[in-house]
Amino acid sequence: MWGLKSGALAGFAAAAFLAGSVAHGADQAAKEPANQPFAYIELDVPYVQTPDAVVARMLELADVQPSDFVYDLGSGDGRIAIAAVRDRKAKGAFGVEIDPKLVDEAGANARRQGVSDRVKFDVQDLFTTDFSRATVVTMYLLPDVNLKLRPTLLDMPAGTRVVSHQFDMGDWASDFHERQGRRNLYLWVVPAKLGGKWTLKQAHGDDLVLELDQRYQRFEGVASRGDTRHQIRDGWIRGKEVHFQLYAESGVHHYAGRVEGDTIVPLTGWGGEEGWQARR
């Protein structure tokens, strides 16, 4: 995380936000040479640590488990990545940071805490970083960096948890938001991709063709059979879990399911429709 000075935040320049740390200094962008590689930017911005209580809460919101691999973006002295492994028993963590000195400090901290075999740090470009191992992403980045990173986050596997300190994701509404004093914490669960056509096979009745229009974790659409069309409303997704209402002549039917590849299978215990399956 990059620093706060006089209560304001601003970016270094295009090269600086590629490494994704929070920074101050409205005039800094004008000082940096165009197209300067981010690794060579002179760093003169004070580093501000995230309080340990906020670190703990971020990892709690993400529900970090021993099966998780955590990526921390703007990792500073490494405290979030280290706490994920030390306190939440994550199987591993990786921190991305712009400042080589902080990367060295974070590595030393990991060694002191006895977790250096499972926690690594590197100076990297956020937009070329390989996130294939990530099941949890924590971040403290500038708003415009959040927005530029948003497509990458949305393309992660359904169920990946993303926690941001202080800044949101624009019109991608968070699944959960809370304030801690002047600090904002946001949680998103990456939604499964449902947009397009599905065939809904029911235990009783004819098959229906579902045409779904998805926007982030919300969706709507139509269910059709021949010339008969029914509205699909109130659709929402949390990771791989899916809920929607189908409005038919016989009444409103509730569907609750779980996405498994190109299939949606019903969830039990929700009191909705049973014996159905949808295939892409």
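The rules we used
Residues numbered from 1 in each chain as written. Predicted model: local features only at pLDDT ≥ 70, side-chain atom pairs only at ≥ 80, totals over all residues. Heavy atoms only, no water. Pairing = 2+ DSSP bridges. Helix = DSSP H or I, 4+ residues; strand = E, 2+ residues; numbered from the N terminus. Axes fitted to C-alpha atoms, helices over the stretch in contact; angles between N-to-C directions. Salt bridge = Lys/Arg side-chain N within 4 Å of Asp/Glu carboxyl O. Buried < 20%, exposed > 50% of the residue type's maximum accessible area, 1.4 Å probe, protein only. pLDDT = per-residue confidence, 0-100. Contact = heavy atoms within 4.5 Å. Core = buried A, V, L, I, M, F, W, Y, C linked by side-chain atoms within 4.5 Å.

Draft legend 1. Just the sheet that holds strand S14 (residues 263-266), in detail. The strand order around the closed barrel formed by eight strands is S8-S9-S10-S11-S12-S13-S14-S15, and the pairing between neighbours is antiparallel. Strand-to-strand, the axes of this sheet are offset by a mean angle of 30°, without reference to chain direction. Here three bridges tie strand S8 (residues 196-201) to strand S15 (residues 277-279), and the two strands are oriented antiparallel to one another. Considered in S15, the bridge of Lys201 is made with Gln277.

Draft legend 2. Structural detail: the pattern of salt bridges. Throughout the structure, instances matching the rule amount to 13 salt bridges. The shortest N-O distance in the salt bridge between Arg215 and Asp171 comes to 2.4 Å. Taken together, the positions of Arg215 in strand S9 (residues 208-215) and Asp171 in the loop between strand S5 (161-165) and strand S6 (176-180) put the pair 44 residues apart, joining distant regions of the chain. For Arg215, a relative accessible area of 51% gives the class exposed. The exposure class assigned to Asp171 is partly exposed, which follows from its relative accessible area of 43%. The closest approach of N and O atoms between Arg225 and Asp206, which form a salt bridge, is 3.6 Å. In this pair, Arg225 is assigned in strand S10 (residues 218-225) and Asp206 in the loop between S8 and S9, connecting sequence segments 19 residues apart.

Draft legend 3. Molecular detail of the confidence of the model for the protein. Of the residues in the protein, 83% reach a pLDDT of 70 or more, and the chain-wide mean stands at 85. Taken together, the stretch residues 1-46 has pLDDT below 50 and engages in 103 contacts with residues farther than four places along the chain or on a different chain.

Draft legend 4. Just the pairing of strand S11 (residues 228-238), in detail. Across seven bridges, the pairing between S10 and S11 is antiparallel. Its bridge partner being in S11, Arg225 is matched across the sheet by Thr228. As paired strands, S11 and strand S12 (residues 241-248) are joined by six bridges and run antiparallel to one another. By the bridge assignment, Ile232 is partnered in S12 with Leu246. Connecting S11 to the next strand, S12, in antiparallel fashion are two residues, including Gly239 with a positive phi near 65°.

Draft legend 5. Expanded view of the environment of Leu200. In this fold, Leu200 is placed in strand S8. Overall, Leu200 belongs to the buried group, its relative accessible area being 0%. In the structure, Leu200 is positioned 23 residues away from Ala223 in sequence and 8.6 Å away in space, judged by C-alpha atoms. Filtering out sequence-adjacent residues up to four positions away, Leu200 remains in contact with Asp207, Leu208, Leu210, Leu246, Tyr255, Trp276, Gln277 and Ala278.

Draft legend 6. Representation of the nonpolar core. Grouped together as the largest cluster of nonpolar side chains are 26 residues, with contacts concentrated most on Leu59, Val64, Val70, Val119 and Phe121. Of all the secondary structure elements, the ones that give two or more residues to this core are helix H3 (52-61), helix H4 (79-86), helix H5 (100-112), strand S3 (119-122) and strand S7 (183-189). Top element by residues in this core is H4. It accounts for six residues. Beyond its immediate stretch of four places on either side in the chain, Phe121 contacts Ser75, Gly78, Ala81, Ile82, Phe94, Gly95, Val103, Ala106, Gly107 and Ala110. Listed in part, the 23 residues of the second largest apolar core include Phe69, Leu142, Leu153 and Val162.

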